[in-house]
Structure formats: C-alpha cells, structure tokens
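Examining the three-dimensional arrangement
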Amino acid sequence: MLNESIDFPMDPILTPRLTLRRLSLRDANDLFSYCRDPEVARHVLWEAHRTPADSRAYVKYMLRKYRAGEPASWGIELKESGRIVGTIGYMWHQAENRSAEVGYSLAREHWNKGLMTEALAAVIAYSFESLGLNRVEAQHEMSNPASGSVMRKVGMVQEGLLRERLYNKGRYVDVALYAILRSDYAARTRKTRA
C-alpha cells in the first residue's frame with residue numbers, strides 16, 4: 001500500500017455552512033472579488049489578482065489538476081449564498097510517505113467567523129478517511145498568527161519554526177510548521193464521539 005500512488009478525486013465535501021467543491025470557470029468572478037485584495041494575498045505565495053483574467057487562469061490551472069487526479073484545491077462555497085469565498089486544498093503530496101500539505105485562503109469579510117476552521121477540519125477528515133493519508137501538514141507565516149490558531153483548533157500540533165523558509169513578496173519569512181497524524185485524528189475523533 002505504501003508504494004501506491006495517491007489519486008486526488010477532490011470529491012465534494014459538505015459541512016454545516018459550506019460546500020467544498022471543484023472550481024469551474026463560472027467561479028472566476030467570485031474568486032476575483034477577493035483574490036484582488038492585497039490583505040488576502042499578503043501571507044500566501046500568490047500575488048493579488050490584477051484582472052479577472054488572473055482568476056480565470058487560476059481556475060484553468062485547477063481544472064488541469066482535477067483532470068490529472070493531482071493534488072488541487074476546492075472552492076469554498078457558502079451554502080447560504082452559493083458564492084465562492086475561498087479555496088482550500090493540497091499544495092503537494094508524497095505518496096511513499098502518505099503525507100500532504102494543505103493551504104487555504106479566505107475572503108477578508110469572512111475572517112474570524114470560524115469558516116476556515118470548519119473547512120480545514122473537513123479536509124483533514126477527508127485526508128485520513130478518503131485518501132488514506134498518514135500525515136497532513138500546514139504552515140503559516142509567523143506574522144499571521146490567526147492561521148496558526150485555525151490549525152490548533154482542528155488538532156494540528158506545531159512542530160517547529162522554519163527560519164526564512166519562504167521568499168514571499170520581496171522578503172524572506174519565518175514560518176511555523178504544523179501537522180496532524182492519522183493516530184492524532186483517530187484519538188481526537190474517539191474523544192469527540194465519547
């Protein structure tokens with residue numbers, strides 16, 4: 001099993017307030033409405049979108065990844081409005097180690113409402129229950145502690161500080177590395193069901 005490749009079908013995931021689903025070209029305008037915000041782009045590795053064409057290009061990139069069964073991102077759709085307000089998904093994976101890294105972004109008007117915690121918890125469950133992963137990682141810039149708070153709320157553990165790990169927006173940045181293991185997830189699930 002450990003030498004098998006991992007297919008990433010990116011099945012839809014439902015949570016109480018969200019639908020995590022594959023992006024389509026009709027979502028490009030929703031993406032542009034928040035991806036053009038420099039505050040949203042400040043702590044991620046992509047630049048703020050300057051035109052709707054930037055958002056369409058991103059969706060086309062995701063469509064190629066979906067077709068290839070590669071690690072990709074879901075759109076985060078608000079059930080109440082049907083609008084895409086963020087993305088969450090896999091940055092990379094290592095089939096031989098059954099591990100992957102998750103990353104995410106969210107429209108600023110939806111920060112501090114628990115939506116990303118809800119989405120990340122669902123993706124972690126999918127990672128262990130549907131993909132059979134053993135380890136899920138995430139990282140955040142030290143200047144973005146709110147992202148670390150989201151990671152801790154879903155049971156991820158900070159494993160270290162990686163000094164000047166990334167070059168982002170013209171500067172080297174320190175990042176905190178978090179992870180959750182299959183055994184951590186299983187223990188947490190047992191505890192919540194007890």
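Up top you'll find the structure we're talking about.
Worth saying up front: this structure is predicted, and the values here are computed from it rather than measured.

What counts and how
- Residues numbered from 1 in each chain as written.
- Predicted model: local features only at pLDDT ≥ 70, side-chain atom pairs only at ≥ 80, totals over all residues.
- Heavy atoms only, no water.
- Helix = DSSP H or I, 4+ residues; strand = E, 2+ residues; numbered from the N terminus.
- Rg over C-alpha atoms; globule rule 2.2 N^0.38 Å.
- Buried < 20%, exposed > 50% of the residue type's maximum accessible area, 1.4 Å probe, protein only.
- Contact = heavy atoms within 4.5 Å.
- Areas by Shrake-Rupley, 256 points an atom, 1.4 Å probe, with all protein chains shown as cover.
- Lys, Arg positive; Asp, Glu negative; His and termini not counted.
- Charge placed at Lys NZ, Arg CZ, Asp CG, Glu CD.
- Pairing = 2+ DSSP bridges.
- Phe/Tyr/Trp six-rings, centres within 6.5 Å; stacked < 30°, edge-to-face > 60°.

Assigned secondary structure in the protein chain consists of six helices and eight strands. Each helix and strand of the protein chain, placed in order from N terminus to C terminus, yields the pattern β-β-α-α-α-β-β-β-α-β-α-β-β-α. Over its C-alpha atoms the protein chain spans a radius of gyration of 16 Å, differing by no more than 12% from the 16 Å that the globule rule assigns to 194 residues. C-alpha atoms of the protein chain, sized along the principal axes, occupy 45 × 35 × 35 Å. Looking at the protein chain as a whole, 50% of its 194 residues are labelled buried. In the protein chain, the proportion of contacts linking residues at least 24 apart, taken out of those at least 6 apart, comes to 64%. On the protein chain, roughly 10200 Å² of surface is accessible, and the fraction owed to carbon and sulfur atoms is 50%. Side-chain charges of the protein chain comprise 29 positive and 23 negative groups, with the mean position of each set lying 2 Å from the other.

This part is about the sheet that holds strand β8 (residues 171-181). Taken in spatial order, the eight strands make up an open sheet running β1-β2-β3-β4-β5-β6-β8-β7, and their pairing is mixed. Sheet topology places β1 (13-14) and β7 (157-168) at the edges, where each strand pairs with a single neighbour. For strand β3 (residues 73-78) and strand β4 (residues 84-94), the ladder comprises five bridges, and the chain directions are antiparallel. Paired with E77 across the strands is I84, a residue of β4.

Turning our eyes to something else, we now look at the environment of T189. Along the chain, T189 turns up in helix α6 (residues 182-193). The class of T189 is buried, set by a relative accessible area of 15%. Between the alpha carbons of T189 and H140 there is a distance of 25 Å; along the sequence they are 49 residues apart.

According to the stated counting rule, one finds five aromatic pairs in the structure shown. With centroids separated by 5.7 Å and ring planes inclined at 55 degrees, the aromatic side chains of W74 and Y90 adopt a geometry described as tilted. Residue W74 is found in strand β3, and its partner Y90 is found in strand β4; the two are separated by 16 residues along the sequence. This pair shows no difference in class: W74 is buried, exactly as Y90 is. Through pairs of rings, three or more aromatic residues link up here, namely F8, W74, Y90 and Y126.

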